[in-house]
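Observations on the three-dimensional arrangement
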Amino acid sequence: MLKFFRALIVSCLFFTIFTFKPLMINAAENELSYYSDKEQSLAVNFIGRYNSGAPPIDDGGTEIVAYDPTTKHAFSVNGSEKSLDIMDLSVLGEGKKEIPLLKRITLSDLGIEAGDVTSVVNDPAGRFIAISVPAVNKVNPGHVVFLTTSGDVLTTVEVGALPDMVTITPDGKKVLVANEGEPSDDYSVNPEGSVSIIDVSGGVKKGVELKVTTARFSNQIVEEDVRKVHPESTYAEDLEPEYIVVEPTSDYAYIVLQEANAMAKLNLITGKFTTVKSLGYKDYSISSNQLDGSDKDDQVNIRNWPVLSLYQPDGMDLIEINGKSYILTANEGGDAQDWDAFSEEARVKDLQDKYELRGDLYQGYTQKELDSLVENGLFEEEQLGRLKTSISHPMNETGKYEAIYGFGGRSFSLWSADTLELVYDSGSEFERYIAEFNPTYFHSNNDDDSFESRSDDKGVEPESVITGRVNGTDYAFIGLERQGGIMVYDLTNPNAPTFDSYFTTRNFQSLDMEVTRDSGDIAPEGLTFIPGEKSPTGNPVLLVAHEVSGTIAAYELGKSSDASLEDLKLDNGKLTPSFSPDVKKYEVEVAETIEELTLSPIAHSSSATVTINGEKDLTKVQKLAPGDNFFQIEVTAEDGTKELYELHVTRLASFITTDLVSEKDGFFLQEEATNNLADNGVLELHVPVEKDQTKVVSSPEQLKRLKDRNSQVHIIKPDVRLKFDLKSFQTDKSLTLYMNKVKASELEKAEQAETNVYEVIFEQEGQAVTSLFQLSFLLEDPDQDHQIYHWDQNSSSWKEMGGVIDQSWLTVDSTRLAKFAVFLPENLMESTNQVAQEKKEEPIVKNEENKTDKVTSEEHYLPNTATFTYNWLLIGGLILVIGISLVILTAARRKRIEQEK
């Protein structure tokens, strides 16, 4: 029961993480679970499976798989049986789902002493297959064994220690072997890593010795920032080749050095390495790079952390797009060196006393922010304490780590083959899509059905990557070893690939349950893409070898016929956006006077069937109702493939009346109300529930639409109405309108009002915005001389505004954001005189400080008549004084003149 509730909580949590709704196809019939957030994505069908029959689960029954188009046979490395299995894929073309085993070649059949089979490749011309076989003691030289496609041994070549991957150049002239050269457990022997180059230009004949050269590393071609895991080893000993890809010209090969987090470039003409370049660190402090770093917080917590992580790719591929070569890497994280005599592996918590984090090493954190994170428990297990790290990272002069370092990019990347510089990385998308598509088993392990058990340790672990072209589009397929599925990305733009879909045939059974034979296909290890022209079914096929379940799943990709529209025409209105076969949803607006519409869909294929809302008669005139009208145009191709196009036709209205939507914090506009309004239209919004506090909110999108259409908005309550346009408001911000009822006791004389007192405020981002509006109050007795007043905050009094009566409504125009009410002027005046008279009768207050009697204007008022008389007496006295002064001055002037004469 506890497991059930934990799963339920995790699932509910993710309803709020993503804004898109994933499309999920759960096909029980073919065991495939398919997820996408696109209207149209790559079609994937599970068509067959090979079961190696490895007795124990998680024993490597299938690891790497290759395919021969001539015989339609597949070749699989079987780690459980230490053998090469040969299968017949031709049965897939017959519709059979069980892929049979034709032959099993064991180590004893090879004629040499060997300890394992690690990789297989087939010659494109069908001359041979080649397998890599390490020695019983892995530090000794291994071999490559050449066989016919039917499994007969041709010849054997000695190569370097621990050959881990074998491939062939596109021109078929050279077989390349990545010799990993791992050390012994006691580190007494650490063989050099290398690449063997085997010349097969003359073919491979039975018993004939083949020429082999070895490309070795030297310090001169290793850039100084390349990571060295074991400090006492040379670079030649420390670098361990993992995987090889080759340019289409067969001139250069690229080798990933997983543990060193580096890539080497090999000149196949000279047989020498030209450079070894560090792939750098992935900065998880920037917005596009996030991760869940703890398996102990019991939640999905994908966020930024102060982590610099090594990409450490495993599988690789190379693709040429528009004349440029790109290297694709699956950034697994690599196995840390963990031998008896030396181990680099540690957890962040174990090293917390050795950290002095530096802000300038991260793009997303300041020093102050880093210090705050540390103070708030950064090294605890619920945060980054559980994250796997290495002691082999850089330290400062005081022996401190200046960053938290991690293993793996948890992503796939594209690198320029010319410069080995990063072109694109999928960031945190893998984790986020898994959290959305399968939250209950987020970061599951590949040996049990668990929740976030891998968050502290490389996450979903992208193990392998392959590219393939389907219906004219280049795709990348990335296998997630721990989670168990395949990520699909569209590579049309190599600088910005886009997520297409995710699919899996793993069957999660129950939380904390170990995987069994009923768990489906688990832990994708090796991927092989078969183009349609070479496929046993005639369509592209992806083969996925699963290490834990010991199975190979075959998936058919793409669609066999065209079910798209070539064009969509209509006799009224304009499609938004403009028509494109890849766009599946359209909007059309027509005037209120348009009552019908004719649609004319044209299919790409003349044999396809087209229907409109299920009807085949495409000449039928479609009636339009006011407001929203929806049409579904379905195209069915010859093979039953379907495409659906949706058309939303809005018949606009010049006047729309609707109720506001009531929610906890206020009222909101319905989307359809704003969408369906014509130019210069009126939107009448009724407040459905009477509340003293009325808050109406519109989004920036609604505001812009209404403003662009020069709309007028009416807010209707039983006793008050508000009308306004949108000219004064900014359309990039939401608009909040308050029409709050004010208690009469809060304002002086408000009890004398004939209506409720309302406060009107417009706000955008918390700031009041002035706008012209029209306010109307409903009167019980419209025959009396009512006036609308507003409350003047400065004078703390009511100011008359007037008003025009229309039937029972009194209306006034205003730009004030204030409190409003209706009064009878004589009631307001009587109230004023009464208060003044009462204040006049109050006693004079003795001012003790100045020893005089003092009356302030706030304490006493004169009656109006007394004030009038007093004012005229004062003016008359002033005039009299001025007149006397003038007479005196004039007499004095005359006397002075007479004396002068």
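Residues numbered from 1 in each chain as written. Predicted model: local features only at pLDDT ≥ 70, side-chain atom pairs only at ≥ 80, totals over all residues. Heavy atoms only, no water.

**Some details on the overall build of the protein**
To keep things clear, this is the line we draw: In this text, helices come from DSSP runs of H or I with a minimum length of four residues, and strands from runs of E with a minimum of two, each type numbered from the N-terminal end. Summary of the burial criterion: residues with accessible area below 20% of their type's maximum are buried, those above 50% are exposed, and those between are partly exposed, where the area comes from a 1.4 Å probe applied to protein chains only.
Looking only at helices and strands, the protein has 9 helices and 63 strands in total. Taken over 901 residues, the protein has a buried fraction of 53%.

**Some remarks on the environment of Tyr284**
Threshold: Contacts: residue pairs with any heavy atoms within 4.5 Å of one another. Polar contact is defined as a pair of N or O atoms within 3.5 Å, subject to the rule that within protein one atom must be able to donate a hydrogen and the other to accept it, and that residues adjacent in sequence are counted only when both atoms are side-chain atoms.
For Tyr284, the position within the fold is in the loop between β20 (281–283) and β21 (307–310). Tyr284 gets classed as buried once you look at its relative accessible area, which sits at 1%. Along the backbone, Tyr284 and Gln363 are 79 residues apart, and their C-alpha atoms lie at a distance of 8.9 Å. In this structure, Tyr284 is in contact with Asn289, Gln290, Leu291, Asn304, Trp305, Val307, Ser309, Gly408, Gly409 and Arg410, ignoring residues within four places of it in sequence. Polar contacts involving the side chain of Tyr284 include one to the main-chain carbonyl oxygen of Gly409, which spans 3.0 Å.

**Concerning the pattern of salt bridges**
Test applied: Definition used for salt bridges: Asp or Glu carboxyl oxygen within 4 Å of a side-chain nitrogen of Lys or Arg.
For the structure shown, the criterion picks out 43 salt bridges. Measuring nitrogen to oxygen at the nearest pair gives 2.7 Å for the salt bridge that ties Asp425 to Lys282. With Asp425 in strand β28 (residues 422–425) and Lys282 in strand β20, this residue pair connects regions lying 143 residues apart in the sequence. When its relative accessible area of 1% is taken as the criterion, Lys282 is described as buried.

**Focus on the sheet that holds strand β9 (residues 129–133)**
Quick reminder of the rule: Two strands qualify as a pair provided DSSP detects at least 2 bridges between them. A fitted line through C-alpha atoms represents every axis, and for helices the fit uses only the stretch in contact; the resulting angles, taken between N-to-C directions, go from 0 to 180 degrees.
The 4 strands lie next to each other as β8-β9-β10-β11, forming an open sheet whose pairing is antiparallel. The open sheet has two edge strands with one neighbour each: β8 (119–122) and β11 (153–161). With strand direction ignored, the average angle separating the axes of adjacent strands in the sheet is 20°. Looking at chain direction, β8 and β9 are connected through 4 bridges and run antiparallel. Considered in β9, the bridge of Asn122 is made with Ile129.

**Some remarks on the side chain of Ser428**
Mapping Ser428 onto the fold places it in the loop between β28 and α5 (429–437). Owing to a relative accessible area of 8%, Ser428 belongs among the buried residues under this scheme. If we skip the residues at most four places from it in the chain, Ser428 touches Ser288, Asn289 and Gln290.

**Here's the deal with the pairing of strand β14 (residues 194–199)**
For β14, a buried count of 5 out of 6 residues is recorded, marking the element as mostly surrounded by other parts of the structure. As judged from the 6 bridges shared by strand β13 (residues 174–179) and β14, these two strands associate in the antiparallel manner. Across the sheet, Val175 pairs through a bridge with Ile198, a residue of β14. As judged from the 5 bridges shared by β14 and strand β15 (residues 212–216), these two strands associate in the antiparallel manner.

**A few points about a negative patch on the surface**
Here is the rule we go by: The patches reported here contain residues having more than 30% relative accessible area and no salt bridge. Joining distances are 9 Å for like charges and 5 Å for nonpolar side chains (Val, Leu, Ile, Met, Phe, Trp, Tyr). Using a 1.4 Å probe, accessible areas were evaluated by the Shrake-Rupley method; residue-level cover was limited to the displayed protein chains. Neither His nor the chain ends is counted toward charge; the positive residues are Lys and Arg and the negative residues Asp and Glu. Here the site of a charge means atom NZ of a Lys, CZ of an Arg, CG of an Asp or CD of a Glu.
On the surface, Glu754, Glu780, Asp781, Asp783, Asp785, Glu800 and Glu826 cluster together into a patch of negative charge. Relative to the assigned elements, Asp785 resides in the loop between β56 (773–778) and β57 (787–792).

**Some thoughts on the sheet that holds β13**
Pairing is antiparallel across the open sheet formed by 4 strands, whose spatial order is β12-β13-β14-β15. Taken across any chain shown, the strands that pair with only one partner, and hence form the sheet edges, are β12 (163–168) and β15. Neighbour to neighbour, the strand axes of the sheet diverge by 20° on average, direction disregarded.

**Brief notes about unusual backbone geometry**
Where the residue is not glycine, phi is negative for most of them; where a peptide bond is considered, it is trans in most cases. The residue after Thr576, namely Pro577, is reached through a cis peptide bond having omega 0°. Locating Pro577 in the fold gives a position in the loop between β38 (565–570) and β39 (585–590). Although it is not a glycine, Arg410 sits at a positive phi angle of roughly 50°. With respect to the element layout, Arg410 can be found in the loop between β26 (404–407) and β27 (412–416). You will see that Asn680, though not glycine, has its phi angle at about 60°, which is positive.

**Digging into empty space enclosed by the protein**
Which entries qualify depends on this criterion: In this analysis the probe radius is 1.4 Å and the grid spacing 1 Å, with only protein atoms considered; a cavity is a set of points the probe fits into but cannot get out of, a pocket is an open set with protein on both sides within 12 Å along at least five of seven lines, and lining residues have an atom within 4 Å of a point. Grid points are joined across faces, edges and corners, and a volume is the space filled by probe spheres set on the points. In this count, Pro and Cys sit with the nonpolar residues alongside Ala, Val, Leu, Ile, Met, Phe, Trp and Tyr, while Asp, Glu, Lys and Arg are called charged and the others, Gly among them, polar.
Under the criterion given, the structure shown has 2 cavities of 30 Å³ or more. Forming the walls of the largest cavity are 13 residues, and the residues nearest its centre are Leu669, Ser698, Val713, Phe724 and Leu735. Those elements that place two or more of their residues in the lining of the largest cavity are β50 (695–698), α7 (700–708), β51 (712–716) and β53 (735–742). By residue number, the principal contributor to the lining of the largest cavity is β50, which donates 3 residues. Among the residues making up the lining of the largest cavity, the classes are represented as 12 nonpolar, 1 polar and no charged. Every element with two or more residues in the lining of the second largest cavity is listed here: β21 and β26. Its residues placed into classes, the lining of the second largest cavity shows 5 nonpolar, 3 polar and 1 charged.

**Considering the packing of aromatic side chains**
Keep this limit in mind: Here is the rule: rings of Phe, Tyr and Trp (six-membered ring for Trp) pair when centre to centre is within 6.5 Å. Planes less than 30 degrees apart are stacked, more than 60 are edge-to-face, and the remainder are tilted. Geometrically, a charge over a ring is one whose NZ (Lys) or CZ (Arg) sits within 6 Å of the ring centre while staying within 35 degrees of the ring normal.
On inspection of all chains with the given rule, the structure shows 33 aromatic pairs. Here the aromatic rings of Tyr187 and Phe342 are separated by 5.8 Å at their centres, their planes lie at 80°, and the arrangement is edge-to-face. With Tyr187 in the loop between β13 and β14 and Phe342 in the loop between β23 (324–330) and β24 (345–347), this residue pair connects regions lying 155 residues apart in the sequence. Of the two residues, Tyr187 and Phe342, both sit in the buried class. One aromatic cluster is present, built from ring pairs that chain together Tyr35, Phe412, Tyr424, Phe430, Tyr433, Phe437, Tyr489, Phe499 and Tyr502. In this arrangement the basic side chain of Arg303 is found over the ring face of Trp305, its NZ or CZ atom lying 3.7 Å from the centre.

**So, α7**
Think of an α-helix as 3.6 residues a turn; residues three or four steps apart then line up on the same face. Where we set the bar: Each direction from the helix axis to a C-beta atom contributes to the arc, which is the arc of those directions.
Inspection of α7 places Gln702, Leu703 and Leu706 among the buried residues, and these make up the whole buried set. Seen end-on, α7 carries its buried residues on one side only, within an arc spanning 100°. When the buried face of α7 is taken as reference, the exposed residues oriented beyond 90 degrees from it are Glu701 and Asp708. Those residues of α7 that are buried lie in contact with α6 (671–675), β49 (677–686), β50, β51, β53 and β54 (757–764).

**Some details on the confidence of the model for the protein**
Cut-off, in case you're wondering: Confidence per residue, as judged by the predictor, is encoded in pLDDT with a range of 0 to 100.
Chain-level statistics for the protein give a pLDDT mean of 88 and a share of 88% at 70 or above. Segment residues 1–21 is flagged for pLDDT under 50; beyond a separation of four residues in sequence, or across chains, it makes 28 contacts in the model. Confidence drops under pLDDT 50 across residues 831–874; counting only partners more than four residues distant or on other chains, this segment forms 28 contacts.

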